[in-house]
Amino acid sequence: MTRIDVFAPIKQQILQLAEAYGSHGITCDFAEEMLSETHQTVSARIRELVQEEKLLKTPGRRLTRRNCKARVYVSPAVLTP
């Protein structure tokens with residue numbers, strides 16, 4: 001039986017957002033705001049994308065809307081020359 005990924009469209013939107021922001025990257029909070037999705041949905045999709053090596057964690061941090069430090073993620077395409 002083939003498993004259908006019902007979250008594929010959201011994952012694709014997150015990837016497109018990360019690619020659009022290049023080396024500046026995105027935070028989970030930023031993706032939540034831009035995609036009008038909940039933290040639970042976006043953070044789970046970002047984790048899946050990192051595990052699939054479609055998004056990369058950076059050592060960088062950026063402040064969220066609530067002034068908390070958040071990890072920054074980038075698309076691997078940013079790192080290729």
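Remember, it's a predicted structure, so these values are computed and weren't measured experimentally.

Parameters at a glance
Note on numbering: residues in each chain are counted from 1, in written sequence order. Since the coordinates come from a predicted model, pLDDT governs what is reported: local features require at least 70, and pairs of side-chain atoms require 80 or more to be given and counted, while whole-chain, interface and lining totals use all residues. Just so you know, side-chain values use all the structure's heavy atoms and leave hydrogens and water out. To define a nonpolar core, start from buried Ala, Val, Leu, Ile, Met, Phe, Trp, Tyr and Cys residues and group those joined through side-chain atoms within 4.5 Å. Between buried and exposed lies partly exposed: a residue is buried under 20% and exposed over 50% of the maximum accessible area for its type, with that area taken using a 1.4 Å probe on protein chains only. Helix numbers and strand numbers start at the N terminus; a helix is a DSSP run of H or I with at least 4 residues, a strand a run of E with at least 2. Note on definitions: salt bridges are taken to be side-chain nitrogens of Lys or Arg within 4 Å of carboxyl oxygens of Asp or Glu. Two residues qualify as a contact provided that any one of their heavy atoms is within 4.5 Å of a heavy atom in the partner residue.

(A) Quick look at the nonpolar core. Ranked by size, the top nonpolar core spans 14 residues in total, and within it Ile14, Ile26, Val42, Ile46 and Leu55 carry the most contacts. Here the element with the most residues in this core is helix α1 (residues 8–20); it accounts for five residues.

(B) Structural view of the pattern of salt bridges. Per the stated rule, a full pass over the model turns up six salt bridges. Put simply, Arg65 and Asp29 hold a salt bridge, and the shortest N to O gap is 2.8 Å. Of this pair, Arg65 sits in the loop between β1 (56–63) and β2 (69–74) while Asp29 sits in helix α2 (residues 28–35), placing them 36 residues apart in sequence. A relative accessible area of 48% means that Arg65 is categorised as partly exposed. Taking the relative accessible area as the measure of exposure, Asp29 reaches 12% and is therefore buried. With a shortest N-O distance of 3.6 Å, Glu52 and Lys54 are connected by a salt bridge. For Lys54, a relative accessible area of 42% puts it in the partly exposed group.

(C) Structural context of the side chain of Thr64. Checked against the element boundaries, Thr64 lands in the loop between β1 and β2. Taking relative accessible area as the criterion, Thr64 reaches 17% and is therefore assigned buried. When residues no more than four places from it in sequence are discounted, the contact partners of Thr64 are Asp29 and Ala70.

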